[in-house]
Each structure stands twice: as C-alpha cells, then as structure tokens.
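Structure at a glance
Listed below are the residues making up each chain.
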Amino acid sequence: MVHLPSIIAALALLAPLVAAGGTATTASPRRKATPTPVAPTFDLPEPAEAEALFHHAFGRHVKPAVDFHDTRSHHGAHVRRRPRHKVNATKVTTALEKRVTSRATCLGTGTTGYQITQLFYYGGAGTIVSLCPGAQISLEQTITMFAANQELSTQGYPTDGTRALLTVVGSSSNTAMAGAIYGICTGCNNITVRSIQVNGNRPALGFVSGGNALLEMGGNSAGQVVRDCHLYEPRGWSCLHGFEGDNACASMLFQNNQVGPSGNSPNNGAQFVKRDTTIYSPGQWADGISMACRNSTVQGNTITDATDGGIVVFQAPGSLIHNNTIISNTRHLLGAINAVDYVPYNGTFTGTVVTGNTINAYSTFIKVGIAIGSQIWSTVDTSSYHTYDGVFSGNTFTSGPTGYFGYAIGISGHDHAIVIDNDASTANFGGQRSASCLGNRLTPNPQAFVYDATRTSKLTLQNNFVSHQSAFLICNEPGPILRTGPRTPLDTSKFAQNYDSLPSTCQGTCGLTPTAAARKLSLAQERSLQRKVDWTIF
C-alpha cells in the first residue's frame with residue numbers, strides 16, 4: 001500500500017509538471033438506460049521525469065503501478081507522450097524541500113484534481129489520498145481512480161462542515177469534465193470515497209447535456225463504497241451513479257450521504273417529452289442517487305431537492321434501498337424513488353427491497369412518491385417492456401404545510417410485486433393535469449395509492465390501493481392541494497386464501513395472515529418471499 005506522507009512528496013514533485021506530459025484516457029463503458037459515463041482525459045509527465053519524481057518521493061523499493069515508458073493501456077488508460085525535455089535534478093530537489101516542510105499527513109488547500117489523479121495513477125492498488133479537514137480543492141479536471149482498494153477521504157472521517165470541499169471549476173462543456181470523481185474500471189474492487197464535500201457548481205458553470213454524474217462509480221467491480229459525503233449541484237444528470245458495467249457491478253454501498261440540491265426543477269407537465277422551455281432549456285432535471293449495481297445497499301442517505309429521481313433503482317437485482325429520507329423543499333421532484341426502467345437487466349427487480357424510507361413533500365410538489373413500473377414514466381402503452389418483482393414495504397409519506405404529492409405510490413406496467421404496509425396518513429395530495437397528459441382516462445385524480453389493473457398482474461397490495469387506468473403519471477403539473485391521504489386498516493381477508501403459499505419458515509411463526517407475516521420477516525426473508533409467493537388480488 002502506498003500511503004501518506006510519501007504521497008505528499010509525490011504530489012509536491014508532480015505539481016509543476018501539469019503542462020509537461022501527454023494524455024491518458026480510461027475506457028468508457030456502454031450505457032443502456034442513462035447517459036453513458038465518459039472517461040475523463042488527463043495529462044501525465046514525460047517518462048523520465050515521472051520515473052525520477054516517483055522514485056524520489058516513494059523510494060525505489062516501491063514499485064509503481066505503471067511502467068513510465070510503457071504506452072500500452074493500464075486499467076483502461078492509454079498513454080501518449082510528448083517529446084522529452086531535460087530534467088534539472090537540482091531544481092527538483094529544491095522544489096521538494098520548499099514544498100514539503102513537515103511530515104504532513106494530509107493534502108490541503110491548493111491541491112488540484114490533476115495532482116490527485118496522478119497519485120492514484122502511479123500509486124496503484126491500495127493508494128490512499130487523505131485530504132486535510134477544511135481543505136478547499138479546485139477541480140479543473142475530473143479525479144480518476146484506477147485500481148482496487150484506492151481511497152479518497154478527509155483525514156479523521158468527519159461528517160460535518162469540516163470535510164474537505166472539492167469544487168468543479170473547469171468550465172468545459174465536455175461531458176466527462178462535468179463530473180468530479182470517476183471510479184469506473186474493471187477490477188477496481190473496494191474503492192472508497194468517504195467524508196468529503198463535492199460541489200458540481202452548476203449555478204455558476206451551467207448544465208452539460210449528457211454530462212457525467214458528479215460521482216461515477218462501479219463498472220465491472222465489486223465492493224465500492226461512497227459514504228458520509230455531501231454531494232450537490234451536478235452539471236450532469238445525477239449526483240451519484242452506481243454504473244452496472246457489463247451487468248457485473250456488485251455489492252456497492254452508498255451510505256449516510258447528504259445529497260442535493262440536484263438539477264433544475266420541472267415547472268410544468270411537459271418534461272418527459274423535453275419541451276419544458278418556460279424557465280429552463282429541456283431536460284435539466286437530475287437524480288440524487290442512481291443505482292444499477294446488483295446486490296447493493298443504499299441506506300441512511302438524505303436527499304434534498306433532487307428534481308428527476310431522488311433515488312432511481314435501475315433494477316439492481318438483490319439490492320436493499322432502506323432507511324433513506326427524501327425531501328422536496330425548494331424544487332419540484334418527478335419521483336422520489338423510481339423503479340420504472342426496463343434496462344439494463346430486462347426489467348427484473350428480483351430480490352430488490354425498498355423499505356423503511358421516508359419521503360417528505362415539505363414545501364413543493366413530488367409527482368410520484370414511489371413510482372413502480374414502466375408505464376408510470378412512459379407514453380408508450382405496451383406489455384412488452386413490463387418490469388417485475390420487488391418488495392416495497394413500510395415506507396412513509398408526509399408533507400409540510402405547503403408541500404404535496406400527486407400520488408404516494410403509482411403502479412403501472414409492473415408484474416408480481418409485494419406492496420404493503422406503506423403509510424400516507426400525513427401526506428397532502430394535489431396538482432392538476434397538464435396538456436401533456438394522455439387524457440382523463442389514464443390520469444387518476446391525485447390520491448395516495450393507485451394501480452392499473454389492466455397493466456399489472458400478480459400483485460400483493462395493501463387494501464387501500466385504488467384501481468384506475470394509469471399511464472405517464474408524471475404528466476401532472478403543480479396545482480392546489482386537494483386532500484390528505486388517510487390510511488385505512490389493511491383488509492387481510494384478501495390474502496387469506498393464499499396463506500398456504502407462504503414459505504415454511506413463516507407458517508405458524510410469523511402471524512395469522514401473510515400481511516402480518518411479511519411485517520415480521522427479516523429483510524433477507526422478504527427477498528425470498530418476493531420470489532416464492534404468487535399472490536394476487538384480482
């Protein structure tokens with residue numbers, strides 16, 4: 001493992017060489033449902049300089065991850081060199097002595113993203129870059145991570161305003177440069193980003209169409225972690241993206257992050273067809289968290305003022321979305337938790353559990369609290385792209401004095417899911433149909449729980465769902481508050497006929513009805529229940 005303080009010396013020596021080297025790029029994965037993460041480009045010093053500087057800083061006993069004279073790809077990087085120039089060893093040594101005046105253990109204000117990228121590139125697997133509390137880092141270029149077990153964090157892992165602040169300052173409209181951190185590469189297992197603040201700086205620099213998420217993580221790797229970070233104002237489509245790679249990404253953890261604001265708010269009902277030009281040019285909304293990695297966990301996060309999806313679950317089969325809080329305070333939100341995409345896993349939410357989350361329409365409009373199924377987000381009426389499976393239980397919907405939902409939960413274009421024990425008793429409902437809606441027939445009045453019996457099958461629902469033909473429910477636009485959604489007792493008689501379908505681990509031990517049983521299941525058992533029980537209420 002390459003660690004500080006040796007990294008400090010390397011950083012000091014590499015700093016003067018920003019303009020000296022060639023260019024390296026990491027491979028870009030193929031994106032299926034959301035904008036393709038574009039690998040950033042960064043400069044490298046000329047080989048002789050890099051070798052001398054690295055060995056001077058780390059010691060010759062430390063083997064670099066990259067052969068400085070090798071122009072072949074390394075972890076997806078292709079290195080191109082400019083002509084050599086002479087290295088003045090005396091000046092290099094003097095620079096080291098001037099810049100490293102103590103055995104510092106963290107990087108402070110004045111460090112650049114370019115320098116941090118070089119440390120990860122040359123340091124290889126296990127490199128830890130620790131930033132000083134209170135440090136302010138300007139990002140002219142995206143920080144790129146390259147190998148397993150690399151970490152970027154603030155020293156001591158604070159969770160408050162003393163976390164180092166990284167601010168995107170590069171004004172380029174290049175899609176890759178819209179992001180701040182890029183951790184997508186094959187075999188980059190257990191990369192960690194922890195206890196930092198990242199400002200995408202959209203209000204100052206503007207929106208980048210098709211731009212990367214603020215943090216692009218995942219790819220063909222496992223065990224990556226982003227925790228205790230504050231991420232806000234991305235220039236691209238999301239604050240935090242767990243990218244599926246070749247559907248090989250697994251076991252990510254996004255935990256205890258503060259996310260948002262994110263994106264510009266949709267101000268009418270035309271957003272889906274990207275004609276909302278009244279205030280913003282089309283498509284400027286953005287997600288808080290976008291998760292597409294299998295068997296992953298998104299928990300304990302607070303997402304405030306996202307504008308597209310608070311948490312978007314791109315199936316992420318086998319994942320747990322638990323104990324998150326999503327708040328709309330100053331910006332309208334299309335969907336707080338979205339389970340609507342058919343790709344990248346052909347619609348399967350098998351083993352995915354969304355439970356114990358709190359969604360608060362505090363002072364603005366959330367169109368759909370939890371959106372389930374491809375038809376909620378689509379104007380295309382087809383059964384060919386139904387999503388299926390998943391457990392959605394024990395989630396709470398609430399409102400402040402001026403906030404409201406269109407719907408707490410809407411289900412259309414989805415089959416074989418369990419949706420039980422969700423509470424909207426303290427939520428307001430309102431809004432109105434817009435010119436973009438498909439007509440009254442497909443747009444129910446604002447209310448808590450609605451599903452479309454003609455576009456769903458084999459659902460297990462709490463009994464206060466109302467059946468209504470439904471499609472494209474995000475077409476509604478802001479309007480008056482119309483009602484508060486009462487939560488009536490569950491009608492367990494609808495489930496009793498299927499009690500024998502319960503797994504044997506529950507019969508006789510988990511309560512008198514499947515609904516009561518489901519409330520007592522562990523999360524692992526809930527995932528099993530979702531796969532084994534074939535309940536239906538029609």
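Residues numbered from 1 in each chain as written. Predicted model: local features only at pLDDT ≥ 70, side-chain atom pairs only at ≥ 80, totals over all residues. Heavy atoms only, no water.

**A word on the overall build of the protein**
What the protein contains, in helices and strands, is eight helices and 40 strands. Out of the 538 residues belonging to the protein, those deemed buried represent 60%. Sequence-distant contacts, at least 24 apart, represent 79% of the contacts inside the protein between residues at least 6 apart. Only carbon and sulfur atoms are counted for the fraction: they give 49% of the accessible area of the protein, which is about 19200 Å². (Helix = DSSP H or I, 4+ residues; strand = E, 2+ residues; numbered from the N terminus. Buried < 20%, exposed > 50% of the residue type's maximum accessible area, 1.4 Å probe, protein only. Contact = heavy atoms within 4.5 Å. Areas by Shrake-Rupley, 256 points an atom, 1.4 Å probe, with all protein chains shown as cover.)

**Side note on the pairing of strand E12 (residues 215-218)**
As paired strands, strand E9 (residues 181-184) and E12 are joined by four bridges and run parallel to one another. If you follow Ile184 over to E12, its bridge partner there is Gly218. Bridge count for E12 against strand E15 (residues 238-243) is four bridges, and the pairing is parallel. Within E15, the residue paired with Gly218 across the bridge is Phe243. (Pairing = 2+ DSSP bridges.)

**Digging into the state of the cysteines**
Under the definition given, this model contains four disulfides. In this model Cys185 forms its disulfide with Cys188; the gap between the sulfur atoms is 1.6 Å. The chirality of the disulfide connecting Cys185 with Cys188 is left-handed, given an S-S dihedral of about -75 degrees. Considered together, Cys185 and Cys188 belong to a single accessibility category, that of buried residues. (Disulfide = S-S within 2.5 Å.)

**A word on the packing of aromatic side chains**
Inspection of the entire model under this criterion finds nine aromatic pairs. For the ring pair Tyr342 and Tyr385, a centre distance of 5.0 Å and an interplane angle of 90 degrees mean the geometry is edge-to-face. Here Tyr342, found in the loop between strand E24 (333-339) and strand E25 (353-355), pairs with Tyr385, found in the loop between strand E27 (365-372) and strand E28 (387-388); they are 43 residues apart in sequence, far enough to count as distant. You can call Tyr342 partly exposed: its relative accessible area is 24%. A relative accessible area of 48% places Tyr385 in the partly exposed class. (Phe/Tyr/Trp six-rings, centres within 6.5 Å; stacked < 30°, edge-to-face > 60°.)

**Quick look at the pairing of strand E4 (residues 128-131)**
Across the two faces of E4 the burial is the same, with Ile128 and Ser130 and Val129 and Leu131 all buried. Of the strand pairs in this sheet, E4 and strand E7 (residues 151-154) are connected by four bridges, and their pairing is parallel. Of the residues in E7, the one forming a bridge with Ile128 is Glu151.

**Some thoughts on the environment of Arg202**
Tracing the chain through its elements places Arg202 in helix H5 (residues 202-205). On a C-alpha basis, the gap between Arg202 and Gly263 in space is 8.1 Å, while along the polypeptide they are 61 residues apart. Setting aside chain neighbours within four positions, we find Arg202 in contact with Phe207, Glu233, Pro234, Arg235, Gly236, Gly263, Asn264, Gln284 and Ala286.

**Things to note about unusual backbone geometry**
The omega torsion across Gly260 and Pro261 is 10 degrees, close enough to zero to call that bond cis. Here the bond from Val343 into Pro344 is cis, since omega is 15 degrees, no more than 30 degrees from zero. Phi is positive for Asn149, which is not a glycine, with a value near 65 degrees. Summarising the element assignment, Asn149 is placed in the loop between strand E6 (143-144) and E7. According to the relative accessible area criterion, Asn149 is partly exposed, its value standing at 40%. A positive phi is found at Lys458, a non-glycine position, where the angle reads about 55 degrees. With respect to the helices and strands, Lys458 occurs in the loop between strand E37 (456-457) and strand E38 (460-461). For Lys458, a relative accessible area of 42% corresponds to the partly exposed category.

**Overview of the side chain of His414**
The residue His414 is located in strand E32 (residues 414-415) in this model. Taking the relative accessible area as the measure of exposure, His414 reaches 0% and is therefore buried. Among residues more than four places away in sequence, those in contact with His414 are Phe349, Ile372, Gly373, His386, Thr387, Tyr388, Asp389, Arg455, Thr456, Ser457 and Leu459.

**Looking at the sheet that holds E28**
Strand pairing in a sheet takes place through backbone hydrogen bonds and is either antiparallel or parallel in direction. The three strands lie next to each other as E28-E32-E37, forming an open sheet whose pairing is parallel. Two strands close off the open sheet at either side, each with one partner strand: E28 and E37. Bridge count between E32 and E37: two bridges; the pairing is parallel. Across the sheet, Asp415 pairs through a bridge with Ser457, a residue of E37.

**Brief notes about the confidence of the model for the protein**
Per-chain confidence: the protein averages 76 in pLDDT, with 67% of residues scoring 70 or above. Ignoring residues within four places in sequence, the model shows residues 272-280, a span with pLDDT below 50, making 22 contacts including any to other chains. (pLDDT = per-residue confidence, 0-100.)

**What about the side chain of Lys367?**
Relative to the assigned elements, Lys367 resides in strand E27. Although Lys367 is buried, it forms no salt bridge, and the closest oppositely charged side chain is Glu477 at an N-O distance of 7.1 Å. Within the structure, the side chain of Lys367 is placed 2.6 Å from the backbone oxygen of Asn476, a separation counted as a polar contact. (Lys, Arg positive; Asp, Glu negative; His and termini not counted. Salt bridge = Lys/Arg side-chain N within 4 Å of Asp/Glu carboxyl O. Polar contact = N/O pair within 3.5 Å; in protein donor to acceptor, adjacent residues only side chain to side chain.)

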